[in-house]
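Given next are the chains, with one letter for each unit.
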Amino acid sequence: MPRGKGKRVLPNRAARRQDNPVQLPVNRRRQARRAEIIGQNEANPQLPIMPPQQPLLPPQQPLLPPQQPLLPPQQPLLPPQQQLLPPQQQILPPQQQILPPQQPLMPPQQPLMPQYLPQQPILPPQQIGASNIPQQPAEHQVPGQGGVQLGQPAARNTVENGYQKDIWIIGSSIVTRASEHAHIRPIGDSLGLEKIGCELVWIGMSGMKWQNLVSLVQSILNWRSIPFSVIIHCGGNDIGDTPCGELLYHMKFTIAILSKMLPDTALVWSNILPRYKWRFSNNTGAMETTRRRINRGMRSYLVKIGGYVIKHTDFEDKHVGLFSDDGVHLSFIGNDIYLNQIQGALEMFFKFPHCLVFPYNE
């Protein structure tokens, strides 16, 4: 309502009290002030609300008296003079051992693989033809040679006695295709070496790697006698897959194992042939460098232990006509040259046992 017309306008607080009957002075109770309460307490000091001389819990009556302990110390549960296990009664006396030291489980004189030891050959020497071959004269011996020399007197004695010497040629698909090519030649699979008492046994495995060599030789020995010589043409499929130094170390170690397995067998290393295409790398220059390094290392190691080496120098120029279309295997002319080199190397080794590398003039 506008000011000055009708009802009087009061201030805000007075208006609220007038409108609210609870806030009127007649309706509010009269409450004692704090000062009046303090004055009443000071006027009557002898009548407090809670006298201090009557505590709730008197201190002279404790709940648990200290003179009555629950467990007296003079009665222990376990007296120290009664031991459970006296020291003079041992469970196991030292003089009764379970395994006496004089009975070992595996004596050291029984090795796990006796076939690798030279004093225990796989077949007795009287069952093979190489054991009856006479020793070479002293002027034909090579210092430090551990294998059998492929000398001409031994071949003459072989032909007179009526038996032939087995020469194994082990390798990858290069050896497989060479054996197929030798089968169609007029001189036969043995390359005409029957005249010196030799028979060639072609053992090829497609995709063969160096780690398969020892197991392959062991499996062949189960159905054939110990060979007079073994020609190894393997390792080309490992180049690029294994580092050069590691591969050369494993190859030398495998040759040492074979020399222990076949102490009366002459080992012949056939150089890894060059290729136009390699399996694990497209860098032909780096792969050829690794191939030549491995061939040099294996040639020096085989000559050192008394083995023989076929270098295959006719393939080093990498003529296109010597290889097939895949750039890995040999062509018809390449297989002819490969077989001629193996034939010429074996004839030279038998005729001149002091020549360990073919060709000799290289």
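Presented here is an overview of the structure given in this document. Model, not experiment: these values are computed from the prediction.

### Details of the packing of aromatic side chains
And step 1. The full count for this structure, using the stated rule, is 4 aromatic pairs.
And step 2. Geometrically, the ring pair formed by Trp-210 and Trp-269 is edge-to-face, given 6.1 Å between the ring centres and 65° between the ring planes. Within this pair, whereas Trp-210 is found in the loop between β2 (198–204) and α5 (213–220), its partner Trp-269 is found in strand β4 (residues 266–270), the two being separated by 59 residues in sequence.
And step 3. A relative accessible area of 4% means that Trp-210 is categorised as buried.
And step 4. The class of Trp-269 is buried, set by a relative accessible area of 1%.
And step 5. Positioned above the aromatic ring of Phe-228, the side-chain terminus of Lys-165 is 5.2 Å from the ring centre.

### Some thoughts on the nonpolar core
And step 1. Residues Trp-168, Ile-170, Trp-210, Val-217, Ile-294 and Met-298 are the most contacted members of the largest nonpolar core, which totals 37 residues.
And step 2. Those elements giving two or more residues to this core turn out to be β1 (165–171), β2, α5, β3 (229–233), α6 (244–261), β4 and α7 (284–305).
And step 3. Setting aside chain neighbours within four positions, we find Trp-210 in contact with Ile-232, Cys-234, Gly-235, Asp-238, His-250, Met-251, Thr-254, Ile-255, Trp-269 and Met-298.
And step 4. Formed by 34 residues, the second largest nonpolar core is a distinct cluster that contains Ile-231, Leu-330, Leu-339 and Ile-342.

### Here's the deal with the packing of α5 against α6
And step 1. One can describe the packing of α5 onto α6 by two numbers: an axis separation of 10 Å at closest approach and a directional angle of 20°. In terms of axis orientation, α5 runs roughly parallel to α6. Along this stretch, α5 crosses α6, giving a crossing that reads as right-handed. Mapping the contact onto sequence places Leu-213, Val-214, Val-217 and Gln-218 in α5 and Thr-254, Leu-258 and Met-261 in α6.

### Comments concerning the packing of helix α4 (residues 173–183) against helix α8 (residues 332–351)
And step 1. For the pair α4 and α8, the least separation of the axes is 10 Å and the interaxial angle reads 90°. Judged by the angle between their axes, α4 and α8 are roughly perpendicular. Taken together, the residues of α8 that come into contact with α4 (itself represented by Ile-174, Val-175, Arg-177, Ala-178, His-181 and Ala-182) are Phe-332, Asn-335, Asp-336, Tyr-338 and Leu-339.
And step 2. Looking at side-chain class alone, the contact of α4 with α8 contains 7 nonpolar, 2 polar and 2 charged residues.

### Quick look at the environment of Leu-191
And step 1. Considering the arrangement of structural elements, one finds Leu-191 in the loop between α4 and β2.
And step 2. Leu-191 gets classed as buried once you look at its relative accessible area, which sits at 0%.
And step 3. Linking Leu-191 and Leu-339, residues 148 residues apart in sequence, is a C-alpha distance of 7.7 Å.
And step 4. The residues contacting Leu-191, other than those within four sequence positions of it, are Ala-182, Arg-185, Leu-200, Trp-202, Leu-339, Ile-342 and Gln-343.

### Some remarks on unusual backbone geometry
And step 1. The linkage connecting Phe-358 with the following residue, Pro-359, adopts the cis geometry, with an omega of -5°.
And step 2. With respect to the secondary-structure elements, Pro-359 resides in the segment after β6 (357–358).
And step 3. Even without being a glycine, Lys-318 presents a positive backbone phi close to 55°.
And step 4. With respect to the secondary-structure elements, Lys-318 resides in the loop between β5 (308–310) and α8.

### Thoughts on α7
Owing to its 3.6 residues per turn, the α-helix aligns residues three or four sequence positions apart on the same side.
And step 1. With 22 residues, α7 should cover 32 Å at 1.5 Å per step; its first-to-last C-alpha distance of 32 Å lies within 8% of that length.
And step 2. Of the residues making up α7, those classed as buried are Met-287, Glu-288, Arg-291, Ile-294, Asn-295, Gly-297, Met-298, Tyr-301 and Leu-302.
And step 3. If you follow the buried residues of α7, they end up packed against α6, β4 and β5.
And step 4. Residue Gly-306 follows α7 closely and has a positive phi angle near 95°.

### What about the sheet that holds β4?
Strand-to-strand pairing in sheets goes through backbone hydrogen bonds, with the strands running parallel or antiparallel.
And step 1. Judged by pairing direction, the sheet is parallel, and its 6 strands sit side by side in the order β2-β1-β3-β4-β5-β6 without closing on themselves. Only two strands of the sheet have a single neighbouring strand rather than two, namely β2 and β6.
And step 2. Of the pairings in the sheet, the one linking β3 to β4 comprises 4 bridges and is parallel in character. Each bridged residue has a counterpart across the sheet, and for Ile-231 the counterpart in β4 is Val-268.
And step 3. Relative to the sheet, α6 contacts β3 and β4, its axis offset from that of β4 by approximately 155°.

Thresholds applied
- Each residue is numbered by its place in its chain's sequence as written, counting from 1.
- Thresholds applied to this predicted model are a pLDDT of at least 70 for local features of residues and 80 or more for the giving and counting of side-chain atom pairs; totals over whole chains, interfaces and linings are not thresholded and use all residues.
- Values reported for side chains reflect all heavy atoms of the structure, with hydrogen atoms and water molecules removed beforehand.
- Two rings from Phe, Tyr or Trp (for Trp, the six-membered ring) form a pair when their centres are within 6.5 Å of each other. A pair whose planes differ by under 30 degrees is stacked, one over 60 is edge-to-face, and the rest are tilted.
- A run of DSSP states H or I qualifies as a helix once it reaches four residues; a run of E qualifies as a strand once it reaches two. Both are numbered from the N-terminal end.
- Each residue's exposure class comes from its accessible area (1.4 Å probe, protein chains only) as a fraction of the maximum for that residue type: buried when under 20%, exposed when over 50%, partly exposed otherwise.
- Sitting over a ring, as applied to charges here, requires NZ of Lys or CZ of Arg to be within 6 Å of the ring centre and within 35 degrees of the ring normal.
- Throughout this description, the term nonpolar core refers to a set of buried Ala, Val, Leu, Ile, Met, Phe, Trp, Tyr and Cys residues connected via side-chain atoms within 4.5 Å.
- We call two residues in contact whenever any of their non-hydrogen atoms come within 4.5 Å of each other.
- Convention adopted: a line fitted to C-alpha atoms gives each axis, helices being fitted over their contacting stretch, and angles between N-to-C directions are expressed from 0 to 180 degrees.
- Roughly parallel covers angles under 35 degrees, roughly antiparallel covers those over 145, roughly perpendicular covers 65 to 115, and oblique covers all other angles.
- Throughout, a crossing is termed right-handed when the near helix is turned clockwise from the far one, and left-handed when it is turned anticlockwise from it by less than a right angle.
- Gly counts as polar in this scheme, as do all residues outside two lists: the nonpolar Ala, Val, Leu, Ile, Met, Phe, Trp, Tyr, Cys and Pro, and the charged Asp, Glu, Lys and Arg.
- The length a helix should cover is 1.5 Å for every residue beyond the first.
- A pair of strands counts as paired when DSSP detects no fewer than two bridges linking them.

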